[in-house]
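Report on the structure
Given next are the chains, with one letter for each unit.
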Amino acid sequence: MPTLREPSRHTDAPRFPSPRSKNAAAAREALASLHRHRSYLTFYVNGKRVEEHHAQPQQTLLEYLRAKGYTGAKLGCGEGGCGACTVNLTRYENVYDPVTQVQQRKAVHRAVNACLASVCSIDGCHVTTVEGIGSSADPHPIQERVAKLHGTQCGFCTPGIVMALYSTLQGNAEPTLHDVEESFNGNLCRCTGYRPLIDAGKTFAKDKAGCCKAADPPAGRGMVKTSTHSKLNAPLAYEAHTVVHDPAGKHAPPELAAELEQLSRDSLHVNGGRVSWHRPGSMSGFLALKADYPHAKIVGGTTEVRIEAKFKNANYPIMISSAGVPELAELKQLEDGSLYIGGSVTLAQVEGYLKATCEDRNAKTTAAGILRMLKWFASTQVRNVSTFAGNVVTASPIADMNPILVAVNAEIHVQSFGEGVTKVKARDFFTGYRKVAMSPSDVLVAVVVPPNQPHEVVEVFKQSRRREDDISIVTACMRAVLAPGSATVKEFTSGFGGMAPFTKPAAALEKYMTGRLLGADVMTEATRLIGNDFPLPPNVPGGMPAFRMSLAASFFYKFQTILSAAAGLPVDPREASAMTSYMTAEHPATTGEQTFTRDVGELHHTDAVPGRALHEVQKATKRAPVGEPIPHRAALLHSTGEAVYTDDMPDPHRCLHAAAVVSQRATGRFTRIDASAALSLEGVVRFFSARDLPEDRNTWGPAALLDEEFFRAKEVTCSGQLLGIVVAESVEAAHHAARLVTVEWSEEAAPAPVVSIKQAIAEGGERFAHVQRSIVNGDAGAALQGGDDDVVVVEGEVRVGGQEHFYMETNASLAVPGENGELELHCSTQATQKTQQFAAQICGLPNSKVVCRMKRMGGGFGGKETRTAMYSSAVALAAHTLKRPVRINVERDVDMWMTGGRHAFYANYKVGAHRTTGKIVAADVQVYNNAGYSLDLSHAVMDRALFHIENAYKIPNVTVSGKSCYTNSSSNTAFRGFGGPQGMMICEQYMDHLAAALGMDKERLREVNMYREGDVTPYGQVLTHNNLPRLWQECCASADIEARKAAIDAFNASHRWKKRGLSVIPTKYGINSSAAFMMQAGALVHVYQDGTVLVAHGGTEMGQGLHTKVIQIAARALDVDIDDVHISTTATDQVANSTPTAGSTGSDLYGMATLAACEKIAAKLAPLYEALFPNGERPRDHLAQVATKAYFDRVDLSAHGFYATPGCGYDFEKRLPEGVCNSERGTPFNYYTQGVGCSEVEIDVLTGDMRVVRADLIMDQGKSLSPAIDIGQIEGAYMQGLGWCMMEELVWGCDEHQWLQPGQCFTRGPGVYKIPSFNDVPVDFRVTLLDNAPNPKAIHSSKAVGEPPYFTASSAFFAAKNAIAAARKDAGLEGFFPLDSPLTPERIRLACHDPIAAAFTEKIVAQGGSERPALFC
């Protein structure tokens, strides 16, 4: 053990009170305790002891680990919101033992966010990273099962998810299914749809009850159905429950546990230069330090510190950790029954203590209420390190715990050096926005929660944008004491968060309820008083005023119902549904079912070999390995952390780091950018801006229009635009310097930002892009003019919000200069050729001197097709100029701010249908999208929306036109589905309106108008191989639609405040780009003498399984095992002039190109096969033998393959004579991928909370190349689509969000932008691939999969709308009502329009606010 050292004589050494003071003894004790400290860190990483003598307290554990080469933990968000950085921490804590009923000091295993934890906070701990539990050669069972059960796609999030489950299993060797699902509440995944990850975890559950006993797959062709937690090719999934308990990691020495216990007791003082870290070992030392440094930051888990430093530029030169003070670690029950929670006790410790001591977790007691709130408080990773006291003293206005403390009259104990403990009532503790009743030298030493009185009822409430790991919109606790044997309320207290700048009671409501007899007459007055207690104006910070006031009143309604039941009053069974919420109802374990056919035959040829026709069907019936449900070929690399992403690559020699400098203003001209302060910092090398470039090299555009600048030269048109980059020796120096760059703005008045579509329409003129499209078929105007009484016509508008890509890996680029002006770029991009082209342009180089390499992306979804060029080009310029490698890894908040996302859409429609038959006669639709500050791909996105404006329905007369609107917001770009989902959403909205006007069943209306074989689309394309009617019928039958509708009707009749709805929605997605040049691909195949194969193609792997499918295709073509085929990287020096991997066409294009190359090689080898194996029987090493002979016979073993999709393209500009079919303009699509989605949704009418009870998806994927990959894509697309239409909302300062500065982006990280989490997976999730539907127009009869299933999730939107309609019916409202997308809890709640929601909506409207919830569109 290290010896204790004398205190260092740094300038920040503590100054203690004089021993001559009245507290001399205490001062001497404090001085002595602080002089006995260790000045360096000691901890373990994966069993290896580390002594760190140069620790920097401001450095996070993640930064430290990655700098040391442990790159399995990823930087996903930097704010603890995604879990990609999760590691396991083993440390000593006080743990309550329910047997002895005392606290015992034990080693515990906690999942933590390494991106939040200070490296100093792990002193005395053992850190286990994903590398420490296994490798691809020797994987841990978790890693192996996640890989084999198809739990990875892009793989970037996988190590964090593996470690979250690992930590659970370390602390609980016998987990239940519920425990396993809870493991993942702090982790996000954007690709998989979560279901296979949950399934992999459930193989470790003790109560899985044989759910993983799937049958072996049939040897030949046949239907394969897998269920619940299992898929094919995963034998580990079928094993019995396996205990996986490895407390110290694989390589931990036996003395580890004892040393950790000793280390954790040491006092610590680490001086890092900029920041000093203190961990005193006594209460006196702790108080003395705070007295000497009253403005020092007291830290526990450092979760808040990192957020403040990142988003508020907070600087804390001195941090004092409370972790080493024994008195602060006390968690106990006092003699009077109060719960004493010491100042360093973590939320997880409180949770564990209450689970052990709370007899009834569903009881209406304070302890049970705290436990319920803790379950939904942040994430497991945050609760594991955040202290209860820290959460209290942070005084967030939306804190979850503080309303409980206020409502139950808890005490806050504070103390300063030399003084006794001061006790402050929680009701008096919160004094203002993030202000509390403490002096700078005070510390919070304990929170004391009083025991419950007889006849006391306590309940907690919370509503947020997402259930798991989300901050509250409104949170509350209400407490009442009932008179014995009576329905009279003796005492009533409350606490509300999210309703004021700080946690407050509802004073008027408390006064009204105290002494009142419960009854039906209470609610009306209570609603009015809550409005008086919390009078939120339309422009209240945070927005959502009507929703927040409605929630406060709705929470009271729930509590009143609970009180009535507790008082013994009769409660109407329908009203009883108010008493439950997601916080009280146990979430059922999820189940799933995947059905597909194991096909034979239907393989295609290319025309690369003379005598064969393109897509000619092969005679061979053997299909494998094509069509086999194999795992992603990199799955084990993902799950073990061995997969290398751009930012994982080691720094090249003399590597520099770049940080972006962006505009804080949305509009305005600037005269100068001053980087002098930044350049004066040590380690800063240079600042690059538009001044370093001639105009022609600074101008760019991803399409034909060059309307962007790499660096803004004179003017900004959007906040977040790139002004320049700072290049420095370290990441920290670069980011620090970037914050010091200032901009001098012109004195002329900047124009007011125009941010929304409606603002752009109102301004007109140059706000409309010059590219405007239309499709006209028939005469919609005449059909809708009203002359036919049998035609019902509806008119309305549709507003569809945008969506952030939220790929798990942010934009990252590394530029490495070479000799003679050569430049090599490693970039996370979908478009290697464009990356190469723009880097060459900005550097003034020929394309031939620039190589772009792309190993893999951590997700893309279209967001890395064009917008990556801003970053890659900037670092290319820096590297080329400085002759040193330069890299950038863009921070999540900057990435979300700068790169744009899915386009918001606005549309006006006029549609008519026959009253008697429901057949649609015409549709006239005007569509607008929000392009942002540049055109990017907005015109192509609009084209796609117009092509899908009729979705799956035959409409004889169509007029649809589209305009892209320039606004002062981020330039929007490609996103999964391009504009197709938006066009289809507009269509389904007017279909919903038509059904209401016709009084017709919605599913019936959709069915009678559905396309049939041979129908012609408005743009003139004939539908062939149309399986829509069959898909519809099979989905309705397998999902048992009619019986479930009847059950839903019965449920709604018996529940006033819970409602269910079901909807079935078809989708028809065209495959191809209408720009023919995009539909080309190249591949290069090498066969080596050992019989192995190397494939290089121009497509990029972003998790969609492209490389896996190409490997299957190549292996089948050359008749070798898939293990003998390898794809290394995508590079422009291997396959030149590749088009972006987009539009779901990767497999179609690169599969055919690879097949062409393989067929060329196979044709050359055919004579050698005949010579070597005349009987036709081939040994295992047949290709090695043939390749060796070919080499000596001087036969070329390499081939280039090329494929161009035939007959594609569509010319909007082509003028046609009147009456000529639009087919003369071309054929936009090669074929269609079709499907049907059915979702059943349950809503909480009083809160707007929603969950998907069941989802049934059936997709026509032709004959799947890789069923497991395709099913994963379908599930992932559904979940991403669910986020788009139900949850994810972009918020910018605009005419609707007036609480924000115009033109400012609010949703810049997972803290405020919520994608679906594990908890949002449909409880019952079923996916079927349509059987016997070969596609003659794509590789081996398959169909594209990435984008087409996305719109199936809209069935959840319309199911929720049907549930809302049931609630509105109870409120006396029937008929059509408009709903915007996304259908967030706010929109669900207010659309129900019951008396509570109606009252507060009217209140906001009376103040000049909007009746509809605000939407940035």
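It should be emphasised that the depicted structure is a prediction, and the values quoted were computed from it without experimental measurement.

Quick look at the overall build of the protein chain now. The helix and strand tally for the protein chain stands at 39 helices and 49 strands. For the protein chain, the C-alpha radius of gyration of 32 Å lies close to 35 Å, the compact-globule estimate for 1417 residues. Every one of the 1417 residues in the protein chain was classed for burial, and the buried ones make up 64%. The contacts of the protein chain with a sequence gap of at least 6 include a subset with a gap of at least 24, amounting to 78%. For the protein chain, the exposed surface amounts to about 47,300 Å²; the carbon and sulfur share of it is 51%. Within the protein chain, one finds 139 positive and 151 negative side-chain charges whose respective centroids are separated by 2 Å.

Time to look at the pattern of salt bridges. Scanning all chains against the criterion turns up 90 salt bridges. With its nearest N and O atoms 3.5 Å apart, the salt bridge here joins Asp1244 to Lys1058. Taken together, the residues span a long stretch of sequence, with Asp1244 in strand E47 (residues 1231-1244) and Lys1058 in strand E39 (residues 1058-1071) at a distance of 186 residues. The burial state of Asp1244 is the same as that of Lys1058; both residues are buried. As a salt-bridge pair, Asp1119 and Arg1178 come within 3.4 Å of each other at their nearest N and O atoms. Here Asp1119, found in the loop between helix H33 (1106-1118) and strand E42 (1125-1127), pairs with Arg1178, found in the loop between helix H34 (1146-1172) and helix H35 (1182-1192); they are 59 residues apart in sequence, far enough to count as distant. On the basis of relative accessibility, which here comes to 28%, the residue Asp1119 falls in the partly exposed class. Beyond isolated ion pairs, a larger network of salt bridges with shared partners links Arg1044, Arg1060, Glu1240, Glu1242, Arg1251, Arg1254 and Asp1256.

Another aspect to go through is the packing of helix H17 (residues 522-533) against helix H18 (residues 545-566). Where H17 contacts H18, the axes come no closer than 10 Å and their chain directions differ by 145°. With respect to the hand of their crossing, H17 and H18 are arranged in right-handed fashion. Facing Val522, Met523, Ala526, Thr527 and Ile530 of H17, the residues of H18 in contact are Met549, Ala552, Ala553, Phe556, Tyr557 and Gln560.

Here we take up the packing of aromatic side chains. According to the stated counting rule, one finds 33 aromatic pairs in the structure shown. Aromatic pair Tyr1210 and Phe1212: ring centres 5.1 Å apart, planes at 75°, arrangement edge-to-face. Exposure class is identical for Tyr1210 and Phe1212. Each is buried. Put simply, the rings of Phe947, Tyr1019, Tyr1210, Phe1212, Phe1229 and Tyr1232 touch in pairs and so form one group of aromatic residues.

Disulfides are covalent bonds that connect the sulfur atoms of two cysteines. For the structure on display, the rule yields zero disulfides. With no disulfide of its own, Cys1208 lies closest to Cys1221 among cysteine sulfurs, the gap being 18 Å. Classification of Cys1208 as buried rests on a relative accessible area of 17%. Between Cys1238, a cysteine without a disulfide, and Cys1035, which holds the nearest cysteine sulfur, the sulfur-to-sulfur distance is 5.2 Å. A relative accessible area of 0% means that Cys1238 is categorised as buried.

Across the sheet, eight strands lie side by side as E24-E28-E22-E35-E32-E33-E34-E43; this open sheet has mixed pairing. The open sheet has two edge strands, strand E24 (684-689) and strand E43 (1130-1131), and neither has a second partner. Pairing of strand E32 (residues 812-817) with strand E33 (residues 823-827), which is carried by five bridges, proceeds in the antiparallel orientation. If you follow Leu814 over to E33, its bridge partner there is His826.

Alignment of strand E1 (residues 41-45) against strand E2 (residues 48-52), held across five bridges, turns out to be antiparallel. Each residue of the ladder has a partner; that of Phe43, found in E2, is Val50. Counting the residues in the hairpin turn of E1 and E2 gives two residues, including Asn46, whose phi is positive at 50°.

A few words on the sheet that holds strand E8 (residues 276-279). In sheet architecture, strand pairing relies on hydrogen bonds along the backbone and comes in two forms, parallel and antiparallel. Here four strands make up an open sheet; going across it, the order is E7-E8-E10-E9 and the pairing mixed. Each edge of the open sheet carries a strand with a single partner, namely strand E7 (268-271) and strand E9 (297-299). For this sheet the average axis-to-axis angle between neighbouring strands, irrespective of direction, equals 20°. Docked against the sheet, helix H8 (residues 283-292) engages E8, E9 and strand E10 (318-321), running at close to 160° with respect to E10.

Contact geometry for helix H3 (residues 141-148) and helix H4 (residues 158-171): axes closest at 10 Å, N-to-C directions at 130°. Taken as axis vectors, H3 and H4 run oblique relative to one another. Crossing geometry of H3 relative to H4 is assigned as right-handed. Where H3 approaches H4, its residues Ile142, Gln143 and Val146 are matched on the opposing element by Thr158, Val162, Leu165, Tyr166 and Leu169.

Time to look at the nonpolar core. One finds Phe556, Val925, Val927, Tyr990, Tyr1278 and Met1286 to be the most contacted residues of the largest nonpolar core, which totals 240 residues. Filtering out sequence-adjacent residues up to four positions away, Tyr990 remains in contact with Tyr909, Val911, Ala923, Val925, Ile949, Glu950 and Ile955. Among the nonpolar cores identified, the runner-up in size contains 44 residues, and Leu603, Ile1122, Leu1149 and Phe1173 belong to it.

What follows deals with the side chain of Arg884. Mapped onto the elements, Arg884 comes out in the loop between helix H26 (869-882) and strand E35 (886-889). A distance of 3.0 Å separates the side chain of Arg884 from the backbone oxygen of Arg654, its partner in a polar contact. In contact with Arg884, not counting residues within four places along its chain, are Arg654, Cys655, Leu656, Glu729, Ala815, Pro817 and Ala879.

Below, the discussion takes up unusual backbone geometry. A cis amide bond links Ala624 with the next residue in sequence, Pro625, at an omega value of 5°. By secondary structure assignment, the location of Pro625 is in the loop between strand E21 (591-598) and helix H19 (635-640). Positive phi outside glycine occurs at Tyr194, with the angle close to 75°. Tracing the chain through its elements places Tyr194 in the loop between helix H5 (177-183) and helix H6 (195-202).

Every α-helix carries 3.6 residues per turn, so stepping three or four residues along brings you back to the same face. When the terminal C-alpha atoms of H18 are compared, their 32 Å separation across 22 residues agrees well with the 32 Å that a helix rising 1.5 Å per residue should span. Looking one or two places after H18, you find Gly568, whose phi comes out positive at around 85°.

Take the side chain of Asn391 next. Its location among the elements puts Asn391 in helix H13 (residues 388-394). The exposure class of Asn391 is buried, given its relative accessible area of 17%. Residues in contact with Asn391, not counting those within four places in the same chain, are Phe377, Met401 and Asn402.

This brings us to the environment of Phe670. Relative to the helices and strands, Phe670 resides in strand E23 (residues 668-674). Separated by 442 residues in sequence, Phe670 and Gln1112 place their C-alpha atoms 55 Å apart. Discounting residues that sit within four places of it in the chain, Phe670 has contacts with Arg712, Ala713, Lys714, Glu715, Val716, Leu723, Val743, Glu744, Trp745 and Ser746.

In the predicted model, the protein chain carries a mean pLDDT of 93, and 94% of its residues have values of at least 70. In the predicted structure, residues 211-220 sits below a pLDDT of 50 and forms 18 contacts with residues beyond four places in sequence or in another chain. Within the model, pLDDT remains below 50 along residues 228-243, and this stretch shows 61 contacts once partners closer than five positions in the same chain are excluded.

Rules used in this analysis
- Here, residues in each chain are numbered from 1, in the same order as that chain's written sequence.
- It should be noted that, the model being predicted, local features are given only for residues of pLDDT at least 70 and side-chain atom pairs only at 80 or more, the latter also being counted only at that level, while totals for whole chains, interfaces and linings use all residues.
- Excluding hydrogens and water, the side-chain values take into account all heavy atoms of the structure.
- Numbering of helices and strands runs from the N terminus, with a helix taken as a DSSP run of H or I at least four residues long and a strand as a DSSP run of E at least two residues long.
- We take the radius of gyration over the C-alpha atoms and set the globule estimate at 2.2 Å times the residue count to the 0.38 power.
- Exposure is judged per residue with a 1.4 Å probe applied to protein chains only, and the accessible area is read against the type maximum: over 50% gives exposed, under 20% gives buried, and values in between give partly exposed.
- For this analysis, residues touch if any pair of their heavy atoms sits within 4.5 Å.
- To measure how exposed things are, a 1.4 Å probe is used in the Shrake-Rupley method; for residues, cover is taken only from the protein chains shown.
- Residues scored as charged are limited to Lys and Arg (positive) and Asp and Glu (negative), so that His and the chain ends carry no count.
- Each charge is placed at NZ for Lys, CZ for Arg, CG for Asp and CD for Glu.
- A carboxyl oxygen of Asp or Glu within 4 Å of a side-chain nitrogen of Lys or Arg is what we treat as a salt bridge.
- Axis definition: a line fitted to C-alpha atoms, over the contacting stretch in the case of helices. Angles run 0 to 180 degrees between N-to-C directions.
- We call a crossing left-handed when the near helix sits turned anticlockwise from the far one by less than a right angle, and right-handed when that turn is clockwise.
- Geometry of aromatic contacts follows a simple scheme: Phe, Tyr and Trp rings, the Trp one being its six-membered ring, pair when their centres are within 6.5 Å, and the pair is stacked under 30 degrees between planes, edge-to-face over 60, tilted otherwise.
- Any cysteine sulfur atom paired with another within 2.5 Å is treated as part of a disulfide.
- Strands are labelled as partners when DSSP assigns at least two bridges between them.
- Angles are sorted into four bins: roughly parallel if under 35 degrees, roughly antiparallel if over 145, roughly perpendicular if 65 to 115, and oblique for all others.
- Note on terminology: a nonpolar core comprises buried Ala, Val, Leu, Ile, Met, Phe, Trp, Tyr and Cys residues joined through side-chain atoms within 4.5 Å.
- Any N or O atom pair separated by 3.5 Å or less is treated as a polar contact, with the protein-specific requirement of one donor-capable and one acceptor-capable atom, and with residues adjacent in sequence counted only for side-chain atom pairs.
- A helix is expected to span 1.5 Å for every residue after the first.
- For every residue, the predictor assigns a confidence score, pLDDT, that lies between 0 and 100.

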